[in-house]
Structures are given as structure tokens and as C-alpha cells.
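Descriptive analysis of the structure
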Amino acid sequence: MIRPREDTTVLKNSYADLVAQRAQDPEDVSLREQIANCCFQLERYNEAEEIYKQLVVEFPKLAKYNYRLGKVLAAQERLDDALAQLDCALEKWRSFHWA
């Protein structure tokens, strides 16, 4: 995906700001999600993958982390792994007890 230079600069600055904030609060899940999203958009797939893998382990009932990990794996053309994560996300979504 080709991004205009200014978009990439904004994303890189956002990434740097988020990483600095995370240094102050390393357990903040929202910051970790935002960092992983920036990494995905910046095509820093290995870093995004590691963060999403951690979140999948920490929050095994949440489908969104399997879904996002699947997107990262698909972007790396690791399609079998991506499909496994997307299937897992779908199964979690299906088994969710809607209140």
C-alpha cells in the first residue's frame, strides 16, 4: 500500500508519541492496540503481530484481537495462519453470549 509522504509522517509521529506514552504505562491496553494499529498501517508487521499475539493470550475471549492478527498475517501473505486466526475470531463471535 503506497501512502502519501505526509500520511506516513503523521503515522510515524503518532507511533513515536504512543510508544513514549506506553513507557509511562506499559500495561495500558488501549495504547498497545493503538501502537499495533500504527504498526500495521506503517507495514511494521512483525511488531504488530507480536502485540496482537500478546493481546490474544491476555484476552482469549475477545475476537477482535484474533481478527486483527489475521489481518496482519494476511498482509505478510501467511494465508494459512491468517485464515486460522480469522476462523478463531469468527468462532468467538458466534459463541458470544449477547445480553
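Below or above, wherever it landed, is the structure these notes cover. From a predicted model like this one, the values you see are computed outputs, not experimental measurements.

Now for the overall build of the chain. Counting its regular elements, the chain contains five helices and zero strands. Order of helices (α) and strands (β) in the chain, N terminus to C terminus: α-α-α-α-α. Seen through its C-alpha atoms, the chain measures out along the principal axes to roughly 40 × 30 × 25 Å. Taking as baseline every contact in the chain between residues at least 6 positions apart, the subset at least 24 positions apart corresponds to 41%. Surface accessibility of the chain: about 6800 Å² in total, with carbon and sulfur atoms responsible for 54%.

Within the structure shown, the criterion is met by seven salt bridges. A salt bridge links Arg44 to Glu47; its shortest N-O distance comes to 3.0 Å. According to the relative accessible area criterion, Arg44 is partly exposed, its value standing at 36%. Between Glu49 and Lys53 there is a salt bridge, with the nearest N and O atoms lying 3.0 Å from each other. On the criterion of helical spacing, the pair formed by Glu49 and Lys53 is a turn pair, its members being four residues apart in helix H3 (residues 45-58).

This part takes up the packing of H3 against helix H4 (residues 63-75). Where H3 meets H4, the axes come as close as 9 Å, and the angle between the chain directions of the two elements is 155°. In terms of orientation, H3 lies roughly antiparallel with respect to H4. Seen from above, H3 lies across H4 with left-handed handedness. Counted together, Tyr45, Ala48, Glu49, Tyr52, Lys53, Leu55 and Val56 of H3 and Tyr65, Asn66, Arg68, Leu69, Val72, Leu73 and Ala75 of H4 form the full contact between these two elements. Each residue belonging to the contact of H3 with H4 can be placed in one class, and the counts come to 10 nonpolar, one polar and three charged.

Where helix H2 (residues 29-41) contacts H3, the axes come no closer than 8 Å and their chain directions differ by 145°. The two elements H2 and H3 meet at a crossing, and its hand is left-handed. On H3, the residues that touch Val29, Arg32, Glu33, Ile35, Ala36, Asn37, Cys39 and Phe40 of H2 are Tyr45, Glu47, Ala48, Ile51, Tyr52, Gln54, Leu55 and Glu58. Residues that form the contact of H2 with H3 fall into these classes: 10 nonpolar, two polar and four charged.

With 13 residues, H2 should cover 18 Å at 1.5 Å per step; its first-to-last C-alpha distance of 18 Å lies within 8% of that length. Every buried residue of H2 is listed here: Leu31, Arg32, Glu33, Ile35, Ala36, Cys38 and Cys39. Of the residues that open H2, the one with a side-chain oxygen 2.9 Å from the backbone nitrogen of Ser30 is Asp28. Positioned one or two residues after H2, Glu43 has a phi angle of 65°, which is positive.

Rules used throughout
Residues numbered from 1 in each chain as written. Predicted model: local features only at pLDDT ≥ 70, side-chain atom pairs only at ≥ 80, totals over all residues. Heavy atoms only, no water. Helix = DSSP H or I, 4+ residues; strand = E, 2+ residues; numbered from the N terminus. Contact = heavy atoms within 4.5 Å. Areas by Shrake-Rupley, 256 points an atom, 1.4 Å probe, with all protein chains shown as cover. Salt bridge = Lys/Arg side-chain N within 4 Å of Asp/Glu carboxyl O. Buried < 20%, exposed > 50% of the residue type's maximum accessible area, 1.4 Å probe, protein only. Axes fitted to C-alpha atoms, helices over the stretch in contact; angles between N-to-C directions. Parallel < 35°, antiparallel > 145°, perpendicular 65-115°, else oblique. Left-handed = near helix turned anticlockwise from the far one by under 90°. Nonpolar A, V, L, I, M, F, W, Y, C, P; charged D, E, K, R; others polar. Expected span 1.5 Å × (residues − 1). Polar contact = N/O pair within 3.5 Å; in protein donor to acceptor, adjacent residues only side chain to side chain.

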